[in-house]
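Coordinates in review
Spelled out, the chains give:
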Amino acid sequence: MRSTVAVRILRLASLVLVGLIFVVMHYSGTREVGESTELVNGRVAVSAGSSPAVLLWSAAAIALFILLMVRRPGSIVEGAPTILRRVLAFVIDCVFSLCAVSSISALLPLWLEAARTGHFAWYFQRNYAVSTDRLAAISLPLTVALMILYFTFPLTQGRQSVGCFVTGIRVMPPFGNDGSFTFRAAAVRTVYALIGLFLLMTLDWDRDEQGRTWYDRKTGCTVVLVSDR
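Residues numbered from 1 in each chain as written. Predicted model: local features only at pLDDT ≥ 70, side-chain atom pairs only at ≥ 80, totals over all residues. Heavy atoms only, no water.

As a further point, take the overall build of the protein. The helix and strand inventory of the protein stands at nine helices and five strands. Projecting the C-alpha coordinates of the protein onto the three principal axes gives extents of approximately 60 × 40 × 30 Å. Here the protein holds 229 residues, and 45% of them are scored as buried. A total of about 12400 Å² of accessible surface is found on the protein, and carbon and sulfur atoms cover 65% of it. (Helix = DSSP H or I, 4+ residues; strand = E, 2+ residues; numbered from the N terminus. Buried < 20%, exposed > 50% of the residue type's maximum accessible area, 1.4 Å probe, protein only. Areas by Shrake-Rupley, 256 points an atom, 1.4 Å probe, with all protein chains shown as cover.)

This next bit is on the sheet that holds strand S1 (residues 34–40). If you walk across this open sheet you meet the three strands as S1-S2-S3, and the pairing is antiparallel. Of all strands in the sheet, those bounded by a partner on one side alone are S1 and strand S3 (123–126). The mean inter-strand angle of the sheet, taken between neighbouring strand axes irrespective of direction, is 10°. Pairing analysis gives four bridges linking strand S2 (residues 43–49) to S3, with the strands arranged antiparallel. Across the sheet, the residue bridging to Ala 48 is Phe 124, located in S3. Strand contacts of helix H4 (residues 107–117): S1, S2 and S3, with the helix running at about 70° to S3, the strand carrying the most contacts. (Pairing = 2+ DSSP bridges. Axes fitted to C-alpha atoms, helices over the stretch in contact; angles between N-to-C directions. Contact = heavy atoms within 4.5 Å.)

On inspection of all chains with the given rule, the structure shows seven salt bridges. We note a salt bridge from Arg 116 to Glu 113, for which the minimum N-O separation is 2.8 Å. Of the two residues, Arg 116 and Glu 113 both sit in helix H4, three residues apart, roughly one turn of that helix. For Asp 216, the salt bridge goes to Arg 189, with nearest N and O atoms at 2.8 Å. Of this pair, Asp 216 sits in helix H9 (residues 214–219) while Arg 189 sits in helix H8 (residues 183–200), placing them 27 residues apart in sequence. With relative accessibility at 0%, the residue Asp 216 sits in the buried group. Judged by its relative accessible area of 4%, Arg 189 falls in the buried class. The network of salt bridges with shared partners includes Glu 113, Arg 116, Arg 126 and Asp 133. (Salt bridge = Lys/Arg side-chain N within 4 Å of Asp/Glu carboxyl O.)

So, on to the packing of aromatic side chains. A complete count under the given rule lists eight aromatic pairs for this structure. Arranged with centres 5.9 Å apart and planes meeting at 35°, the rings of Phe 96 and Tyr 150 form a pair that is tilted. Of this pair, Phe 96 sits in helix H3 (residues 83–105) while Tyr 150 sits in helix H6 (residues 139–157), and the two are 54 residues apart along the sequence. Like Tyr 150, Phe 96 is buried. Cluster of aromatic residues (ring-pair linked, three or more members): Trp 57, Phe 65, Phe 90, Phe 96, Tyr 150 and Phe 151. One cation-aromatic arrangement involves Arg 11 over Phe 165; the distance from NZ or CZ to the ring centre is 5.0 Å. The aromatic ring of Tyr 128 is capped on one face by Arg 126, whose charged end is 5.6 Å from the ring centroid. (Phe/Tyr/Trp six-rings, centres within 6.5 Å; stacked < 30°, edge-to-face > 60°. Lys NZ or Arg CZ within 6 Å of the ring centre and 35° of its normal.)

Moving on, we come to the side chain of Thr 143. Mapped onto the secondary structure, Thr 143 falls in helix H6. For Thr 143, a relative accessible area of 9% corresponds to the buried category.

What follows is the structure in structure tokens.
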């Protein structure tokens, strides 16, 4: 009983932490989290931003992620989750990973801009390119790579991502409830899931009698609801 209550409290705290990022950004006056480069009217527009408050949130987010990688998820299956629950898990994971990773990766362009101008600021924007922009551009592929790793790593450990934990779902590998994915299998599953969840927005669900989508069947996986017990 105590274990069930503890899991529910942790789940609620996780959901609050995800929603808290919007409150933190609003009241801290953070104008942007991450780095962006756009071509506007033939000119390059470059901007990057973060803040101490957002970095503090990111530290709490990383601590939660580590905790979930240590904690063993529930193994009692209670059926198949609805599509809405699965989409909600995906949205939570996207917000959680994007905000946590972007706030940290933005430190690279912010540091390079400070080294160039001699003044550090938590946000900058300019309508021209400089030589350091090529090095600062590393932050974007780094963000994408870390976000993919965020989805992949829990599968290799037989654990739940934050979104899966909050919504009470778990991705089961083809070879048993207690197994885990190889890194390659987890990466393939992640790519198919990202494509599949995009297609879900077009209502192309193609679910079978077990509630499995086409990409579940393609990767031999089953997504299930798990008990807090």
